[in-house]
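# Residue-level structure breakdown
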Amino acid sequence: MNPFQEKPMPIEKALQNWKELYPQAYDKREIDPYTKTRIILMNGTEFESNWFSHQLARHTDDNDLRRDIALTREIEKQQQLQISLLKPANETILEHTISYEQLAVDLTAELAKRELDCNVKTALDFALLEDFDHLYRYANLLEMDQGIAAEWLVGRYTEIMPGRPTIAHHRYPMDNVRRNINAKESDTQTVLATMIITAAEQQTMNYYMNVTNFACNDMARKLYQEIALVEEEHVTQYESLMDPNATWLEMLLWHEYCECYLYWSCYKTETDPYVKGLWEMYLSFEISHLHKAAELLKKYEKKDWEEVIKDPKFPKPLSLHENIDYVRKILGETVQYTSKREEYVRVRDLPENADFFRFQKTIQPTAQMTPSHNVIEKFICKRGADYRYQVAPSPVPELRNRREDNTSVGRKPNAAESTDFFCNK
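On a predicted model such as this, the values are computed, not experimentally measured, just so you know.

## Focus on the state of the cysteines
Under the definition given, this model contains 1 disulfide. The disulfide bridge from Cys118 ends at Cys423, spanning 1.6 Å between sulfur atoms. In this pair, Cys118 is assigned in helix α5 (residues 118–146) and Cys423 in the segment after α13 (371–383), connecting sequence segments 305 residues apart. Accessibility expressed as a relative area gives 33% for Cys423, which makes it partly exposed. Cys381 supplies the cysteine sulfur nearest to Cys216, a cysteine that is in no disulfide, at a spacing of 19 Å. Judged by its relative accessible area of 68%, Cys381 is exposed.

## Quick notes on the pattern of salt bridges
This model, assessed by the stated rule, comprises 30 salt bridges. Lys36 is the partner of Glu91 in a salt bridge, and the nearest nitrogen-oxygen pair spans 3.8 Å. On the criterion of sequence distance, the pair formed by Glu91 in the loop between α3 (63–84) and α4 (93–114) and Lys36 in helix α2 (residues 33–57) is long-range, its members being 55 residues apart. The buried category is assigned to Glu91, whose relative accessible area is 4%. Look at Lys36 and you get buried, because its relative accessible area is 2%. For Glu343, the salt bridge goes to Arg179, with nearest N and O atoms at 2.8 Å. Of the two residues, Glu343 is situated in strand β2 (residues 343–346) and Arg179 in the loop between α6 (150–153) and α7 (188–211); the sequence distance between them amounts to 164 residues. Residue classification places Arg179 among the partly exposed positions, given a relative accessible area of 40%. One network of salt bridges, in which partners are shared, links Glu130, Arg164, Arg171 and Glu233.

Criteria and thresholds
Residues numbered from 1 in each chain as written. Predicted model: local features only at pLDDT ≥ 70, side-chain atom pairs only at ≥ 80, totals over all residues. Heavy atoms only, no water. Disulfide = S-S within 2.5 Å. Helix = DSSP H or I, 4+ residues; strand = E, 2+ residues; numbered from the N terminus. Buried < 20%, exposed > 50% of the residue type's maximum accessible area, 1.4 Å probe, protein only. Salt bridge = Lys/Arg side-chain N within 4 Å of Asp/Glu carboxyl O.

This is the structure we're talking about:
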């Protein structure tokens, strides 16, 4: 599909009244796990688009331009609120968190599997193991606090076991910045990947920041606090991949194109008839916004959209599905990596005075003060072994012991064996 060839509807036709805006929430006992993850993904996509539009408005003094983007922004905010309210009131924060982390795992894996830019793919693979471990930590907390086995929430499509332990995720902030792409020289899929993953991780970071003080006990509050800071690292990593040299209106065009692509992907892959109808409706809205962005680009920068998006035909639909074998491969091959400035390095190859070790000692002088470690230790103390859902033993032998939380892997030299990252071309 080429959205530039579609006939746009008048933008104002998308404005809805209060009755139309309030959606029918899903039944948390019946909904497909990947419908939930699509909802979270599109909520985050709309948030990113909304705040990009606000920042654009704050960086121009042209009130005609401000008025044009204010109209589309209002409609996109209506969309975001409608999407967020698909979540039912009886789904707890922690239950919803499991879906956030399932999205992080399976979205990252799917983007990595199709990515041809090695720099972008490696960034995806690197953070994949960290979101995978977050799912494990939250799942243990959920079972301990609410007696709910997270494997049923993820439909047994995503394994629940240790990844690179969360204690190892805390890096010196300067080591989270990566090399950016050039949007004009990159494949359309690569530009989309950097935007999609940034929006998704930003949504996760914001969610954790906003719900931390609503968690029901100190252990939960501390875990959300810790992982929210890891998500800050992930957002720093992923946003640094995006093209910083594109103009505001070029990026407005890319944002609208990205939304069109994602709503089209959701429509193509959705199994819930009611939600599928929403994706179709929102796609028609976004096609109008895309055409408006192209009009603004032409008016203010004298550029045709073809100068920005050279291959406008959508890549194949982005499908959220099971990625167990891929995650296992990345876990088995790269668990012992951290980062040093733009590079990814084995922990054993860092000098003793490396920023990574210095920052680790600053934020957690002892493992016993780290919330993600304490959640597992408390679960083991209560039940005798941690909570997991696995289809086979962990590909990392050092992470197979269910009666002890390993705090060395990914953090101390020679705590496990790793080979290297691999590219798709």
